[in-house]
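Residue-level structural notes
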Amino acid sequence: MSPPTNPPKPNILLFGAGSVGTIYLYLLSHSCTVTAVCRSNYATVSDHGFTINSSIFGDNIRFKPRVVRDCSEAAAALSPDSGSSYDYIVVCSKAIPGQIPETIRPAVTPGRTAIVLVQNGIGIEQEYRDAFPQNEVVSCVVYLPVSQGAPGVVTHREIERLEVGAYPSSSAPSSSAARRFVDLVKQGGGTAEWFEDVQSKRWIKLVVNAAWNPICALTRSSDVDFMLSSESSAGTDLVRAVMLEIADIATAHGYPIGREEVDFQLSRATARIETNKGVRPSMLQDVEGGRRIEIEAIVGNTVRLGKEKGVKCEKLEMIYLLAKALDCSIGRR
Ligand SMILES: NC(=O)C1=CN([C@@H]2O[C@H](COP(=O)(O)OP(=O)(O)OC[C@H]3O[C@@H](n4cnc5c(N)ncnc54)[C@H](OP(=O)(O)O)[C@@H]3O)[C@@H](O)[C@H]2O)C=CC1
Ligand SMILES: CC(C)(CO)C(=O)C(=O)O
């Protein structure tokens, strides 16, 4: 009798190996065969690999996965030994609508490859569903303050958590790709939880992102620096008012978010005033790096969803117009 063979490891392609992507690439590399699509950091990473400094996973972690320049090269690298298709494409690029589905298409096998979105924003999934009607789409809400300094070197602190569910939520049989993805992240030492309807979790994160990200990006300030920039609590009060508008929009769409939840989300920032440990949201990092911002996925879609239900959101709309103009100015450079 021949000895039992281990089932092949899941084959994962990570698209967007920047700040967030590097951490999940590392965690998934413990339980899966991983390949990373790299762009600006390709040369450094293919020579030296990635370095992670993390308050949770440890400092000076070095690892060197297989890297490719694009999804066509990733598709060409498939072989009977390395897997004849990708089981998952994990998308960790910025959520800029309109381009990514066609960019990843060469590596998507119809009916086989699950597309996992690890991105901020609301209403980001449908374009993948439209582009790949035969493939499962998995939506992940991510809590992971992380930044890439030098190419391939990322610094992470405080928290690592994924909230995961199928998109749309009604498409989730119990043994879905979303549930299996949760297990893979956990096997790699990460924190992941499956939700029947992960959109409720997206709305809660949006209360934070649609308020803090554009305010910090427009003012080039960390959250704490912004709150400290006004003499009274006027800055903090403005953030709360914007968060309440977002909560009203969520509630109008059937995901009730009360004042207590808003106060809790705000308190995560106000608690750091004392120690002056400000968070620099990813949108601020993008403005500082001269990169386009996720204005539509995080703010524009929220305003449009508010208008659809007749919810008053004047402050958020003004922030949208200002941050949209900022994004356009970056695009003109
Ligand atoms: N950073 C954070 O603290 C957090 C971020 N998020 C969310 O996670 C998502 C990812 O953010 P983050 O990791 O910060 O983003 P980064 O900008 O750090 O990384 C995105 C990566 O995607 C790559 N990329 C983009 N387009 C392509 C392409 N066409 N081909 C190949 N590579 C491409 C970029 O390459 P290149 O360098 O060439 O541009 C970059 O390496 C966003 O939705 C963000 O809002 C959520 C929580 C926290
Ligand atoms: C909440 C925060 C600010 C860090 O996890 C974030 O999601 C971002 O930087 O976009």
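Residues numbered from 1 in each chain as written. Chains lettered and ligands numbered in written order. Predicted model: local features only at pLDDT ≥ 70, side-chain atom pairs only at ≥ 80, totals over all residues. Heavy atoms only, no water.

Convention followed: UniProt positions are given in the numbering used here, feature names are shortened, and annotations may be inferred rather than shown by experiment.
Taking an unreviewed UniProt entry as the reference, the protein chain is identified by name as 2-dehydropantoate 2-reductase belonging to Lophiostoma macrostomum CBS 122681. Per UniProt, the protein chain carries the Function (unreviewed entry) text "Catalyzes the NADPH-dependent reduction of ketopantoate into pantoic acid." The annotation that UniProt attaches to the protein chain under Catalytic activity (unreviewed entry) is "(R)-pantoate + NADP(+) = 2-dehydropantoate + NADPH + H(+)".

**Section: the domain arrangement of the protein chain**
Going by this rule: The start and end points of each domain follow an automatic or database-based domain assignment. Note on contacts: a residue pair qualifies if any of its non-hydrogen atoms lie within 4.5 Å across the two residues. Simply put, the buried area is the total loss of 1.4 Å probe accessible area from both parts when two parts are fitted together. By convention in these notes, a salt bridge is any Lys or Arg side-chain nitrogen within 4 Å of a carboxyl oxygen on Asp or Glu. Within 3.5 Å is the distance limit for a polar contact, defined as a pair of N or O atoms, with the added protein rule that one can donate a hydrogen and the other accept it, and that residues adjacent in sequence qualify only through two side-chain atoms. Secondary structure elements are defined from DSSP: runs of H or I of at least 4 residues count as helices, runs of E of at least 2 residues count as strands, and each element is numbered from the N terminus.
Splitting the protein chain by domain gives domain 1 (11–197) and domain 2 (200–332). Taking only C-alpha atoms, the centre of domain 1 and the centre of domain 2 are 25 Å apart. Counting residues at the interface gives 24 residues for domain 1, matched by 25 residues for domain 2. Three residues stand out in domain 1 for area buried against domain 2, namely Lys 94, Asn 120 and Ile 122, and they jointly supply 33% of the buried area on that side. Applying the counting criterion to the domain 1 and domain 2 interface returns two salt bridges. Its salt-bridge partner being Arg 202, residue Glu 125 comes within 3.1 Å of it at the nearest N-O pair. At the surface where domain 1 touches domain 2, the tally comes to 14 residue pairs in polar contact (both at pLDDT 80 or more). Only β8 (137–143) and β9 (146–148) provide two or more residues apiece to the side of domain 1 that touches domain 2.

**As for the site of ligand 1**
This is how it is decided: For this purpose, a residue is taken to be near a molecule or strand whenever a single non-hydrogen atom of the residue falls within 4 Å of it. A 1.4 Å probe and the Shrake-Rupley method give the accessible areas. Residues count as covered only by the protein chains that appear here.
Every one of the 22 residues lining ligand 1 counts as a neighbour, but Ser 19, Val 20, Ser 40, Asn 120 and Glu 294 are closest to it. Within the contact set of ligand 1, an oxygen atom lies 2.8 Å away from a side-chain nitrogen or oxygen of Ser 19. When isolated, ligand 1 has an accessible area of 900 Å², and the protein chains bury 84% of it. No fewer than three residues from each of domain 1 (11–197) and domain 2 (200–332) sit in the shell around ligand 1.

**A short note on the nonpolar core**
Where we set the bar: In this text, buried Ala, Val, Leu, Ile, Met, Phe, Trp, Tyr and Cys residues form a nonpolar core when linked through side-chain atoms within 4.5 Å. Three labels apply to residues, based on accessible area from a 1.4 Å probe with only protein chains included: buried if under 20% of the type maximum, exposed if over 50%, partly exposed otherwise in between.
Core analysis: the largest hydrophobic core is formed by 47 residues, its most contacted members being Trp 203, Trp 212, Val 239, Met 243, Ile 246, Ile 257 and Leu 316. Contributions of two or more residues to this core are made by β8, α7 (199–219), α8 (223–228), α9 (234–252), α10 (259–270), α11 (282–288), α12 (295–308) and α13 (314–332). If one sorts the elements of this core by residue count, α7 sits on top with 11 residues. Both domains that furnish three or more residues to this core are identified here as domain 1 (11–197) and domain 2 (200–332). Tyr 26, Leu 28, Val 138 and Leu 162 belong to the second-largest nonpolar core, a separate cluster that totals 42 residues.

**Notes on the packing of α7 against α9**
To keep things clear, this is the line we draw: For every element, the axis is a line fit to its C-alpha atoms; helices are fit only across the contacting stretch, and the angle between N-to-C directions ranges from 0 to 180 degrees. Should the near helix be turned anticlockwise from the far one by less than a right angle, the crossing is left-handed, and should it be turned clockwise, the crossing is right-handed. Note on residue classes: Ala, Val, Leu, Ile, Met, Phe, Trp, Tyr, Cys and Pro are nonpolar, Asp, Glu, Lys and Arg are charged, and everything else, Gly too, is polar.
Across the interface, α7 lies against α9 with an axial gap of 9 Å and an inter-helix angle of 140°. Like other packed secondary-structure pairs, α7 and α9 cross with a definite hand, here right-handed. Packed against α7, whose contacting residues are Trp 203, Leu 206, Val 207, Val 208, Ala 210, Ala 211, Trp 212 and Ile 215, the element α9 presents Val 239, Val 242, Met 243, Ile 246, Ala 247, Ile 249 and Ala 250 at the interface. The residue inventory of the contact of α7 with α9, partitioned by class, reads 15 nonpolar, no polar and no charged.

**Things to note about the side chain of His 156**
Relative to the elements of secondary structure, His 156 occurs in strand β10 (residues 153–156). The exposure class of His 156 is buried, given its relative accessible area of 2%. Polar contacts involving the side chain of His 156 include one to the main-chain carbonyl oxygen of Ile 159, which spans 2.8 Å. Other than its neighbours up to four places away in sequence, His 156 contacts Ile 23, Asn 53, Ser 54, Ser 55, Ile 56, Phe 57, Leu 144, Pro 145 and Val 146.

**Some points on empty space enclosed by the protein**
The cut-off we apply is this: The pocket and cavity definitions rest on a 1 Å grid over protein atoms only: a 1.4 Å probe that fits but cannot leave marks a cavity, an open set with protein on both sides within 12 Å along at least five of seven lines marks a pocket, and residues lining either have an atom within 4 Å of a point. Grid points are joined across faces, edges and corners, and a volume is the space filled by probe spheres set on the points.
The tally for this structure, following the rule as stated, stands at one cavity of 30 Å³ or more. Considered as a void within the structure, the largest cavity measures approximately 40 Å³ in volume. Residue lining of the largest cavity: Gln 119, Asn 120, Gly 121, Val 141, Arg 202, Lys 205, Leu 206 and Asn 209, and that is the complete set. Looking at the lining of the largest cavity, the element that brings in the most residues is α7, giving four residues. Residue composition of the lining of the largest cavity, by class: two nonpolar, four polar and two charged.

**A word on the sheet that holds strand β11 (residues 161–167)**
Defined as follows: Two strands pair if DSSP finds at least two bridges between them.
One open sheet holds the eight strands; their spatial order is β5-β2-β1-β6-β7-β8-β11-β12, and the pairing between them is mixed. For this open sheet the edge positions go to β5 (66–68) and β12 (192–194), each flanked by a neighbour on one side alone. Averaged over neighbouring strand pairs, the angle between their axes works out to 25° when direction is ignored. As judged from the four bridges shared by strand β7 (residues 114–118) and β8, these two strands associate in the parallel manner.

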